[in-house]
Amino acid sequence: MSEKKLHFFVGCFVLSACAALLLLVLKVAGFNLTGQSDTYQLVAKFDNIGGLKPRSPVKVGGVVVGRVESIDLETETYTPIVTLSMFKKYGYYPETSSAAILTAGLLGEQFIGLRAGFIDEDIVMLEQGDEIEDTKSALVLEDLIGQFLYSIQDKE
Amino acid sequence: MIQGIVRTGASTLHVIGQLGLAVVMLLRALACAPNAKFLRLVTAQVYFLGVLSLPIILVAGLFIGMVLGLQGYNVLVGYSAEQSLGTMVALALLRELGPVVTALLFAGRAGSALTAEVGLMKSTEQLASMEMMAVDPLKRIIAPRFWGGVIAMPLLAFLFSMIAIWGGSLVGVDWKGIDSGGFWAVMQASVNVYEDIFFGFLKSLIFALVICWIALFNGFYCQPSSLGISQATTKTVVNSSLLVLALDFVLTIFMYG
Amino acid sequence: MPQLVAIKDMSFARDERVLFQGLDLTIEQGKITAILGPSGIGKTTLLKLIAGQLTPSSGDIRFAGESVVTASRKQLFQMRRKMGLLFQSGALFPELTVFENVAFPLREHHQLAEPVLRTLVQMKLEAVGLRGAESMLATELSGGMARRVALARAIALDPELIMYDEPFAGQDPISMGVLVKLIRDLNHSLGLTSVVVSHDVQEVLEIADYVYVLADKKIIARGTPEDIAANQDEKLVQFIQGLPNGPVPFHYPASHFIKDLTSTL
């Protein structure tokens, strides 16, 4: 076989493998080239983060607007502190916004639901590194059931 | 009893000696600066080891993907969780089956060919005659084959995973009727570029190094006879397959612990 | 005459089998030196020792004044550019044509323009009389032709020393004659130093300037072909004249035959 033909086949092979990789990244992993590069960080403290993990989505009305970057424990008060990486293309949120840890379905993945607050003249927007003050912890199913049983007992 | 200890000692020494030889061989082969001629030799090996392995890799990938899709569907549908089929197929392929099955097929298809080729070159004195022409066979024969294999195998693994995921979607979406939007969206939500695709690539790269190393070592140090070559070829396939599976376990512990 | 190769007090053993013990041997520049000996005595091993492909257990081997034994890998490859070795099998690359086989060492070591390379290769092939066969595949050649192509390849880099490993083994009388003529002509026309290792006594005595006879791990005779022919040593006479029995017994050392037979009964 001539060297040119060989080079042609190898070229096709390498290019198709690169195409496969690109497809894997874009179509299978859903990697978004524009969304992830431009982010800013917000922090939020929760009493209980439940099953939240790094890379869990942050959603506003079901739209993914960011991801959980890291989860830490503030050692003085023993409260979990979550760093969120928010996509800049969706803009900034007012300081009156609230974050809650929600569950997709009864047993699904947990995510952070962000509810944008009202905007007023003396309300500033949250910037890089700011904290979301108003948070709601994860609902832990066992606690809920416990409370439910307790309240039934009370009524009797 | 004493004899058993003696035998254990002897075989331990043998194994250590072989390991030493293999390390020296690899270091000598790789200690050379690439030039245009060397790149041409590597390209030729990418053709022999990569392009010519494409048929077996693609066909195997398609069938494995389809089987995975069908079995996964049958289990998941019992929990009405068939939407998660995409996740299951993609994660199984990217993390495990893609690198591992590609490596096993590569060991059988390309590793054995490497050992047989180099072994025959040795037994027909081609390697010795090269040395006499002041051409180092480690650099002229071993190094291009090593790099060619190391480049080709991860590429084959990408193609394998891609076509297998497509096979899974053929069964799940086109045959069993899972909603295609859901299939891909659930997959995208749970597959991570770094943890799944990059780690899978890392695995296949490590497997490629191991297979090429074992194959070339067995060829280069085989007994120069027809029996020696056949034994070396068998040894390549058996050793590299087992080592790939064992290494996969170790790597999985480190990556996904 | 300067010495190109000097072997001093060299011993070599493989797998606890001693092949050479205290061997002294010199090869003079510009001469054809023959090393004779019965098969299995390690003549090929001796050539590989000179080429540095094997390392002696003790003693020294010098090529052009430099030690082959202590040379680094890099130095060794530098030295080998000045050596050629003609393997018994020819060891051609079967997937390449005759032309590409001869061009191989040139392509590896020099960046030559294609026309220059072509001329050089054709010169080498012409020297062995096989210019017409340049486009044949190495696998299509007869044994004698393969050996001549291998010779063309061995002289492609214009070495100073060329070593022939059993060049006459298994050749018909015509190709034997051709090879004898080639070895002599190349030695004179290219100013080479040649080492011929063989057990074909008559052909070797015909072309050699100096002869060593190896037996029993050492040299048992040395001298010009005339000296060797006149030597009356028992072992030597048996080897030169090809007698089946003599100091080298017909039977390989074994236990007593009758005893062996009766013991199994």
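Since we're looking at a predicted model, the values are computed, not measured.

So, how was this worked out
- Just so you know, the residues in each chain are numbered from 1, in the order the chain's sequence is written.
- All chains are assigned letters beginning at A, and all ligands numbers beginning at 1, according to the order in which they are written.
- Owing to the predicted nature of the model, reporting of local features is limited to residues with pLDDT of at least 70; listing and counting of side-chain atom pairs is limited to 80 or more, with chain, interface and lining totals taken over all residues.
- Hydrogens and water are ignored here; the side-chain numbers use all heavy atoms of the structure.
- Domain limits in this description derive from either an automatic procedure or a database domain assignment.
- Any pair of residues with heavy atoms lying within 4.5 Å of one another is described as a contacting pair.
- Put simply, buried area is the surface a 1.4 Å probe can reach on two separate parts but cannot reach once they are joined, added for both.
- Salt bridges are defined as contacts in which a side-chain nitrogen from Lys or Arg sits within 4 Å of a carboxyl oxygen from Asp or Glu.
- Residues adjacent in sequence count toward polar contacts only when both atoms are side-chain atoms; beyond that, a polar contact is any pair of N or O atoms within 3.5 Å, and within protein one must be able to donate a hydrogen and the other to accept it.
- Runs of E in the DSSP output that reach at least two residues are strands. Runs of H or I that reach at least four are helices, and both are numbered from the N terminus.
- In this classification, Asp, Glu, Lys and Arg are treated as charged, Ala, Val, Leu, Ile, Met, Phe, Trp, Tyr, Cys and Pro as nonpolar, and every other residue, Gly included, as polar.
- A pair of strands is considered paired only if DSSP assigns at least 2 bridges between the two.
- Axes, fitted as lines to C-alpha atoms, cover a helix only where it is in contact. Angles between the N-to-C directions of the axes lie from 0 to 180 degrees.
- Only protein chains enter the accessibility calculation, which uses a 1.4 Å probe; a residue whose area is less than 20% of its type maximum is buried, one above 50% is exposed, and one in between is partly exposed.
- Pairing of aromatic side chains here covers Phe, Tyr and the six-membered ring of Trp, requires ring centres within 6.5 Å, and sorts the geometry by plane angle: under 30 degrees stacked, over 60 edge-to-face, intermediate tilted.
- Ring-over charges, as used throughout, are those where CZ of Arg or NZ of Lys falls within 6 Å of the ring centre and within 35 degrees of the ring normal.
- On a range of 0 to 100, pLDDT expresses the predictor's confidence in each residue.
- Buriedness for pockets is judged along seven lines, at least five of which must meet protein on both sides within 12 Å for an open set on the 1 Å grid over protein atoms alone, while cavities are sets there where a 1.4 Å probe fits but cannot get out, and lining residues have an atom within 4 Å of a point.
- Grid points are joined across faces, edges and corners, and a volume is the space filled by probe spheres set on the points.
- Angle categories: roughly parallel below 35 degrees, roughly antiparallel above 145, roughly perpendicular from 65 to 115, and oblique for all the rest.
- Working rule for handedness: look at the near helix, and if it is turned counterclockwise from the far one by less than a right angle, call the crossing left-handed; if clockwise, right-handed.
- UniProt positions are given in the numbering used here, feature names are shortened, and annotations may be inferred rather than shown by experiment.

### Brief notes about the domain arrangement of chain A
It is common to give the size of an interface as the accessible area lost on bringing the parts into contact. On domain assignment, one finds that chain A holds domain 1 (1-31) and domain 2 (36-147). Relative placement of domain 1 of chain A and domain 2 of chain A: their C-alpha centres are 40 Å apart.

### Some words on the interface of chain C and chain B
Every contact between the two is made by 26 residues of chain C and, on the other side, 17 residues of chain B. Buried area between chain C and chain B, both sides added, is near 1,900 Å², and the carbon and sulfur share of it is 57%. Together, C:Arg73, C:Phe77 and C:Glu108 form the three largest contributors to the area buried by chain C at its contact with chain B, with a combined 29%. Linking chain C with chain B are three salt bridges. Across the pair C:Glu108 and B:Arg140 runs a salt bridge, and its minimum N-O distance is 2.6 Å. If you look at where chain C meets chain B, you find ten residue pairs in polar contact (both at pLDDT 80 or more). Secondary structure elements with two or more residues in the side of chain C that touches chain B: helix H2 (73-80), strand S6 (83-86) and helix H3 (98-109) of chain C. Ranked by residue count, the leading element in the side of chain C that touches chain B is H3(C), at five residues. Considering only residue class, the side of chain C that touches chain B consists of 13 nonpolar, five polar and eight charged.

### Focus: the sheet that holds strand S3 (residues 32-36) of chain C
Strand pairing in a sheet takes place through backbone hydrogen bonds and is either antiparallel or parallel in direction. Residue and element names in this part refer to chain C. Ordered by their spatial adjacency, six strands build an open sheet running S6-S7-S8-S3-S9-S10, and the pairing between neighbours is mixed. Two strands lie at the open edges of the sheet, namely S6 and strand S10 (218-223), each paired on one side alone. Taken pair by pair, the neighbouring strands of this sheet meet at an average axis angle of 15°, ignoring direction.

### Looking at the pairing of strand S7 (residues 161-165) of chain C
All names here are of chain C. With five of its five residues buried, S7 lies for the most part within the structure. On S7, burial covers both faces: Leu-161, Met-163 and Asp-165 on one face and Ile-162 and Tyr-164 on the other are all buried. Pairing of S7 with strand S8 (residues 193-198) involves five bridges; the strand directions are parallel. Each bridged residue has a counterpart across the sheet, and for Leu-161 the counterpart in S8 is Thr-193.

### With respect to the packing of aromatic side chains
Taken as a whole, this structure holds 16 aromatic pairs over all chains when the rule is applied. Considering the side-chain rings of B:Phe183 and B:Trp184, the 5.3 Å spacing of their centres and the 85° angle between planes classify their relative orientation as edge-to-face. Take B:Phe183 and B:Trp184: they sit in the same class, and that class is buried. Stacked on the ring of A:Phe111, the Lys or Arg A:Lys59 has its end atom at 4.6 Å from the ring centre. The residue whose ring lies beneath C:Arg153 is C:Phe93, and the NZ or CZ to ring-centre distance is 4.9 Å.

### Considerations on the confidence of the model for chain A
Segments scoring low in pLDDT should not have their predicted coordinates read at a detailed level. Averaged over chain A, the pLDDT score is 83; the fraction of residues at 70 or greater is 92%. Within chain A, helix H2 (residues 33-37) of chain A has the poorest average pLDDT of any element, 53, and helix H1 (residues 3-28) of chain A the best, 91.

### Quick word on empty space enclosed by the protein
Applying the stated criterion to the full structure yields two cavities of 30 Å³ or more. Approximately 120 Å³ is the volume attributed to the largest cavity. Along its surface, the largest cavity is lined by 15 residues, and B:Met133, C:Leu85, C:Ala150, C:Arg153 and C:Ala154 are the ones closest to its centre. Of all elements in the fold, only helix H5 (126-132) of chain B together with S6 and helix H5 (143-154) of chain C reach the threshold of two or more residues within the lining of the largest cavity. Counting residues per element, the lining of the largest cavity draws most heavily on S6(C), which supplies four residues. Taken together, the residues of the lining of the largest cavity break down into eleven nonpolar, three polar and one charged.

### As for the packing of helix H6 (residues 137-175) of chain B against helix H7 (residues 180-190) of chain B
Residue and element names in this part refer to chain B. Close contact between H6 and H7 brings their axes to 10 Å; oriented N to C, the two are set at 140°. Here H6 lies oblique to H7, going by the angle between them. For the crossing formed where H6 meets H7, the hand is right-handed. Here H6 contributes Ile-165, Gly-168, Ser-169 and Val-173 to the contact with H7, which in turn contributes Ser-180, Phe-183, Trp-184 and Met-187. Classifying every residue of the contact of H6 with H7 gives five nonpolar, three polar and no charged.

### So, the sheet that holds strand S3 (residues 63-74) of chain A
All names here are of chain A. Strand order in this open sheet of eight strands is S7-S1-S4-S3-S2-S6-S5-S8, and the pairing throughout is mixed. Of all strands in the sheet, those bounded by a partner on one side alone are strand S7 (131-132) and strand S8 (134-136). Relative to strand S4 (residues 79-87), S3 is paired through eight bridges, and the arrangement is antiparallel. Following the sheet pairing, Glu-74 is matched in S4 by Thr-79.

### Re the UniProt feature "domain: ABC transporter" (unreviewed entry) in chain C
With numbering aligned to this structure, UniProt lists the feature "domain: ABC transporter" (unreviewed entry) at residues 5-241 of chain C. Taken end to end, residues 5-241 of chain C is 39% helix and 26% strand, and its two terminal C-alpha atoms sit 29 Å from one another.

### Structural notes on the pattern of salt bridges
Summed over all chains, the structure comprises 20 salt bridges over all chains. For the salt bridge of B:Glu117 with B:Arg145, the shortest nitrogen-to-oxygen distance reads 2.8 Å. Here B:Glu117 is found in helix H4 (residues 85-123), whereas its partner B:Arg145 is found in helix H6, with 28 residues between them in sequence. With relative accessibility at 7%, the residue B:Arg145 sits in the buried group. Between C:Arg131 and C:Glu126 there is a salt bridge; the shortest N-O distance is 2.5 Å. Several salt bridges converge on common partners, so that one network encompasses B:Glu96, B:Lys203 and B:Asp248.

### A look at unusual backbone geometry
You will see that C:Ala64, though not glycine, has its phi angle at about 50°, which is positive. Residue placement: C:Ala64 occurs in the loop between strand S4 (58-63) and strand S5 (66-67).

### Considering the interface of chain A and chain B
With 22 residues of chain A at the interface, the matching set in chain B holds 25 residues. Surface buried jointly by chain A and chain B totals about 2,100 Å² across both partners, of which 82% is contributed by carbon and sulfur atoms. It is A:Phe13, A:Leu24 and A:Val28 in chain A that bury the most area against chain B; as a group they hold 31% of the surface buried on that side. Counting across the interface, chain A meets chain B through one salt bridge. When the shortest N-O distance is used, the salt bridge between B:Arg40 and A:Glu3 registers 3.3 Å. Summed over the shared surface of chain A and chain B, the number is two residue pairs in polar contact (both at pLDDT 80 or more). Partitioned by chemical class, the residues of the side of chain A that touches chain B number 16 nonpolar, three polar and three charged.

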